[in-house]
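Now for the letters of each chain:
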Amino acid sequence: MNNKGLAKRIIPCLDVKNGETVKGTNFVHLRSAGDPVELGKAYSEAGADELVFLDITASAEGRKTFTNMVSRVAAEINIPFTVGGGINEIADVDRLLNAGADKISINSAAIQHPKLIEQIAQHYGSQVCVCAIDARYDKDGWYCYVKGGRERTDLNLFDWAKEAADRGAGEILFTSMNNDGVQQGFANEALASLAENLSIPIIASGGAGTKEHFKDAFIKGKADAALAASVFHFGTIAIPDLKKYLRKEGINVRI
């Protein structure tokens, strides 16, 4: 159902805590590898298609620091970027879009208040709303988790993704908790199932370890975009090399 003609996107993800990037980085030429703006610029120059910044300190003080960072990113970086973390109401969305973010990612809040998806889509357009889903394959199937993956819900991944799309989400960012952090590849069967059943783009997250894993996410998983953190931060995979490899494998990427 997805438009196969569109270029596949490569998206580095940066976790931000109190204004600094957590998860170390191997970008040696950066003045401060902890500065999300510096890191974002380096990724942008390396050919990343988009960036995701996640606020992992959602306290009031953390929120202010994060909003300031979003303004700095918007001033320095010319590729689209998504922000997420601690977004619970339309006022949060308003604040971050006004600071210069292109898209907003909501996760637990969307499950707790599904109408938030509709509100964002109605106010700002579907393209602004990325519905992030953390799901795990348990013995009874794929289930959604909230609170940073600590609490299982009774929502099935595929049912919830469909509902989110129906309510107006512009993209689904699916993180497989089984695959996350182990660098053994993305959850391609689940990805393909989402891609086949939904008409909105699917972003693969959780499991990137090699260039082949990205290829598989696009070919077997039919994903529209692939997101990763560690392999980019630690310099395991350089984005220009990854894109050259994907192009050689017949995958349409922007170089």
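Provided above is the structure to which this section pertains.
Nothing here was measured: the structure is a model prediction, and the numbers come from that model. Residue numbers run consecutively from 1 along every chain, following the written order of its sequence. Per-residue local features of the predicted model are confined to residues with pLDDT of at least 70, and side-chain atom pairs are confined, for both listing and counting, to 80 or more; whole-chain, interface and lining totals are unaffected and use all residues. To obtain the side-chain values, all non-hydrogen atoms of the structure were included, while hydrogens and water were left out.

Visitor: Sorry, what's going on with the side chain of Arg9 here?
Guide: Segments assigned H or I by DSSP are reported as helices when at least four residues long, segments assigned E as strands when at least two residues long, and all are numbered from the N terminus. Looking at the secondary structure, you find Arg9 in strand S1 (residues 9-17). The definition of a polar contact used here is a pair of N or O atoms within 3.5 Å, where within protein one atom must be able to donate a hydrogen and the other to accept one, and adjacent residues in sequence count solely through side-chain atom pairs. At 2.8 Å, the side chain of Arg9 forms a polar contact with the side chain of Glu171. Residue contacts follow a heavy-atom distance rule, with two residues in contact if any of their heavy atoms lie within 4.5 Å. If we ignore the near neighbours within four places in the chain, the residues touching Arg9 are Asp49, Glu50, Lys103, Glu171, Pro201, Phe218, Asp224, Ala225, Ala226 and Arg254.

Visitor: What exactly am I supposed to notice about unusual backbone geometry here?
Guide: Most peptide bonds are trans, and most residues other than glycine sit at a negative phi. Positive phi is not limited to glycine here, since Asn18 has a value of about 50°. By secondary structure assignment, the location of Asn18 is in the loop between S1 and strand S2 (20-21). With a 1.4 Å probe rolled over the protein chains alone, any residue whose accessible area is under 20% of its type maximum counts as buried; one over 50% counts as exposed, and the rest are partly exposed. Residue classification places Asn18 among the partly exposed positions, given a relative accessible area of 49%. Positive phi outside glycine occurs at Gln183, with the angle close to 55°.

Visitor: Honestly, the nonpolar core in this entry has me stumped. Any pointers?
Guide: Buried together is how nonpolar side chains tend to be arranged in soluble globular proteins. What makes a nonpolar core is a set of buried Ala, Val, Leu, Ile, Met, Phe, Trp, Tyr and Cys residues whose side-chain atoms join them at distances within 4.5 Å. In this structure, Phe53, Ile172, Phe174, Phe214 and Phe232 are the most contacted members of the largest nonpolar core, which totals 72 residues. The next biggest cluster of nonpolar side chains, apart from the first, holds 9 residues, and it includes Cys13, Val52, Val130 and Ile203.

Visitor: Looking at this structure, how should I read the state of the cysteines?
Guide: In protein chemistry, a disulfide is the covalent bond that joins the sulfur atoms of two cysteines. Throughout, a disulfide means two cysteine sulfur atoms within 2.5 Å of one another. Under the definition given, this model contains 0 disulfides. Of all cysteine sulfurs, the one in Cys131 lies closest to Cys144, which takes part in no disulfide; the gap is 8.4 Å. Taking relative accessible area as the criterion, Cys144 reaches 0% and is therefore assigned buried.

Visitor: What should I look at first to understand the pattern of salt bridges in this one?
Guide: When charged atoms on two side chains of opposite charge get close, those side chains can pair. By definition here, a salt bridge exists when the distance from a side-chain nitrogen of Lys or Arg to a carboxyl oxygen of Asp or Glu is within 4 Å. All told, the structure shown has 19 salt bridges when counted by the stated rule. Across the pair Lys147 and Glu151 runs a salt bridge, and its minimum N-O distance is 3.1 Å. Taking relative accessible area as the criterion, Lys147 reaches 41% and is therefore assigned partly exposed. Note on Glu151: relative accessible area 37%, which makes it partly exposed. With a shortest N-O distance of 2.8 Å, Glu163 and Arg167 are connected by a salt bridge. With Glu163 and Arg167 both in helix H6 (residues 157-167) and 4 residues apart, this pair spans about one turn of that helix. Taking relative accessible area as the criterion, Arg167 reaches 24% and is therefore assigned partly exposed. One network of salt bridges, in which partners are shared, links Arg9, Glu50, Lys103 and Glu171.

By themselves, these figures tell us nothing about what the structure is for.
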